[in-house]
Amino acid sequence: MNLFSHPEFDNHEQVAFFRDAKTGLKAIVAIHNTHLGPSLGGCRMWPYASDADALTDVLRLSRGMTYKSALAGLPLGGGKCVIIGDPRKDKSAALLQRLGDFIEGLSGAYITAEDSGTSVADMAVIGQRTRFAAGVVEGTEHGGDPSPSTAYTTFVGLKTAVRQRLGRDDLNGLTVALQGVGNVGYYLARHLHQAGAELIVTDIVDANLQRAVDEFGAHVVAPELIFGVDADVFSPCAMGGVINEHTLPQLKCTVIAGAANNQLATPEFGELLMGKEILYTPDYVLNAGGIIDIAYQRSGEGAAALQQHLDSICQRLEQIFERAAAQGLPPHVVADQLAEETFSPAA
Ligand code: NAD
């Protein structure tokens, strides 16, 4: 398994491999860039088919966090942790505590938080052994879960994209196709419903679908049909890679704005979307609400400051859309350029 010549290696500052035979822990922490501050990014627990797959994922995800925090104007760098294992079978308090010991050993260069396969409760256990576990705030409405803030920035960003592409300030009567009504998708559906949008939803968990039907009057379609429905906006809120050679020809929307990370299977799909006159809203700009929330949990600044920061996502998107139009570039390319201008050591 190569590291320095790995296709996803992007001058990461540090990659640490952690093993604890007693608890079965196998984890990798990748710290991509700390020029703006300590690296912060979630801890994903996933039954990777191979160690190589886990390494690929952590290298790619940690790089993405550098870009996300830089564009969100946070004094944070990019890092990520992956635990190789099935969260339903292999997770234990002892394993999480051992990970906490290892993270403490990194002396604050990496701060962890929730991701797929880990929860607020897991962060509390990791936090028994390290000062560098975020996303836990006892006694608050969501207990530190960043999902409501992620849904909020996705919602206001979606509105900004609709204004840009369709020239209207409201969502009344617009149809949004929502893929995934889990943590973020549920809160986003609520915002959209309250704003008067019609919802077409899909999920692979029936209980999540039923909740969207009961509370928001959503129309349900099978997972494979969501791409081709008649909708003004497509909002991917399930998993990555959903804009690909199979789905692109099916799309009828004019705007894509969702919370899922890494929606474009490859960057070329951003250019192909532009060719189809579909406005793609760069995912990591839109879903930055979660990392902003966690940064404010750590800094202890008040709710008003947090709200202002969450709303600033709209100006950032306007800046991206303006530069993209002026330079004839796809928005995801401009987002990357702006992020690199912010976190690069030469900046
Ligand atoms: P989640 O697991 O709670 O929700 C995802 C939903 O998608 C689930 O209901 C799941 O059943 C559904 N799903 C999975 N595969 C599907 C498929 N093939 N078709 C349809 N539905 C499917 O996760 P979440 O926390 O809501 O995160 C959603 C996305 O947003 C993820 O890509 C995540 O990386 C990203 N994100 C989340 C946050 C956050 O604060 N939670 C922050 C930034 C980015």
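Structure: above.
We now turn to the structure provided with this report. What you are looking at is a predicted structure, and each value in this text was computed from that prediction instead of being measured.

## Some details on the site of the ligand
In the vicinity of the ligand, 21 residues are found, and the nearest of them are Thr150, Asn183, Val184, Asp203 and Asn208. Contact distances for the ligand include 3.2 Å between a nitrogen atom and a side-chain N or O atom of Ser147. Within the backbone of Ala259, a nitrogen or oxygen atom sits 3.3 Å from an oxygen atom of the ligand. Surface burial for the ligand is 76%, taken as the share of its 820 Å² of free accessible area covered by protein chains. Among the secondary structure elements, those contributing two or more residues to the shell around the ligand are α4 (147-166) and α5 (183-194). A class-by-class count of the residues in the shell around the ligand yields 11 nonpolar, 8 polar and 2 charged.

## Regarding the packing of helix α10 (residues 303-327) against helix α11 (residues 331-343)
Closest axis-to-axis distance for the α10/α11 pair is 9 Å, and the angle between their directions is 115 degrees. For the element pair α10 and α11, the recorded crossing hand is right-handed. Contacts from Arg316, Gln319, Ile320, Phe321, Arg323, Ala324 and Gln327 of α10 reach α11 at Pro331, Val334, Ala335, Gln337, Leu338 and Glu341.

## Observations concerning the pattern of salt bridges
Pairing between side chains becomes possible if they bear opposite charge and their charged atoms approach one another. In this structure the tally under the stated criterion is 16 salt bridges. The residue Asp57 makes a salt bridge to Arg44 at a minimum N-O spacing of 3.5 Å. Residue Asp57 is located in helix α1 (residues 51-71), and its partner Arg44 is located in strand β3 (residues 39-46); the two are separated by 13 residues in the primary sequence. Among the residues examined, Asp57 registers a relative accessible area of 9% and is labelled buried. Take Arg44: its relative accessible area is 17%, and that puts it in the buried class.

## Description of the environment of Ala260
Note that Ala260 resides in the loop between β10 (255-256) and α7 (268-275). In this structure, the C-alpha to C-alpha distance between Ala260 and Pro236, residues 24 residues apart in sequence, is 5.7 Å. Those residues in contact with Ala260 that sit more than four places away from it in its chain are Pro236, Cys237, Ala238, Met239, Asp283 and Asn287.

## Things to note about the sheet that holds strand β2 (residues 25-33)
Pairing is mixed in the open sheet, where 5 strands are placed in the order β1-β2-β4-β3-β5. Each end of this open sheet is capped by a strand with a single partner; those strands are β1 (14-20) and β5 (110-114). Taking each pair of neighbouring strands and ignoring which way they run, the sheet shows an average axis angle of 25 degrees. The sheet contact formed by β1 and β2 spans 7 bridges and is antiparallel. By the bridge assignment for β2, Ala16 is matched with Val29.

## Notes on the sheet that holds strand β9 (residues 233-236)
Adjacent strands of a sheet form backbone hydrogen bonds with each other and so pair up, either parallel or antiparallel. Pairing within the open sheet is parallel, and its 6 strands lie in the order β8-β7-β6-β9-β10-β11. Single-partner strands in this sheet number two, and they are β8 (219-220) and β11 (279-280). Packing against the sheet, helix α6 (residues 206-216) makes contact with β7 (198-202) and β8, and its axis sits at approximately 165 degrees to β7.

## A word on the state of the cysteines
For the coordinates displayed, the defined rule picks out 0 disulfides. This cysteine, Cys43, is not joined by any disulfide, and Cys81 carries the nearest cysteine sulfur, 3.8 Å off. For Cys43, a relative accessible area of 0% corresponds to the buried category.

## A look at the pairing of β3
Burial of β3 is extensive: 7 of the 8 residues sit out of reach of the surface. Here β3 pairs with strand β4 (residues 77-84) via 6 bridges, running parallel. Counted as the bridge partner of Met45 is Ile83 from β4. A crossover connection joins β3 to the parallel β4 through α1; in handedness this β-α-β unit is right-handed. Bridging between β3 and β5 involves 5 bridges; their strand directions are parallel. Across the sheet, Ser39 pairs through a bridge with Tyr110, a residue of β5.

Parameters at a glance
- Residues numbered from 1 in each chain as written.
- Predicted model: local features only at pLDDT ≥ 70, side-chain atom pairs only at ≥ 80, totals over all residues.
- Heavy atoms only, no water.
- Near = heavy atom within 4 Å.
- Polar contact = N/O pair within 3.5 Å; in protein donor to acceptor, adjacent residues only side chain to side chain.
- Areas by Shrake-Rupley, 256 points an atom, 1.4 Å probe, with all protein chains shown as cover.
- Helix = DSSP H or I, 4+ residues; strand = E, 2+ residues; numbered from the N terminus.
- Nonpolar A, V, L, I, M, F, W, Y, C, P; charged D, E, K, R; others polar.
- Axes fitted to C-alpha atoms, helices over the stretch in contact; angles between N-to-C directions.
- Left-handed = near helix turned anticlockwise from the far one by under 90°.
- Contact = heavy atoms within 4.5 Å.
- Salt bridge = Lys/Arg side-chain N within 4 Å of Asp/Glu carboxyl O.
- Buried < 20%, exposed > 50% of the residue type's maximum accessible area, 1.4 Å probe, protein only.
- Pairing = 2+ DSSP bridges.
- Disulfide = S-S within 2.5 Å.
- Right-handed = clockwise from strand over helix to strand, strands pointing away.

Without other data, these values stay purely geometric and don't point to any function.
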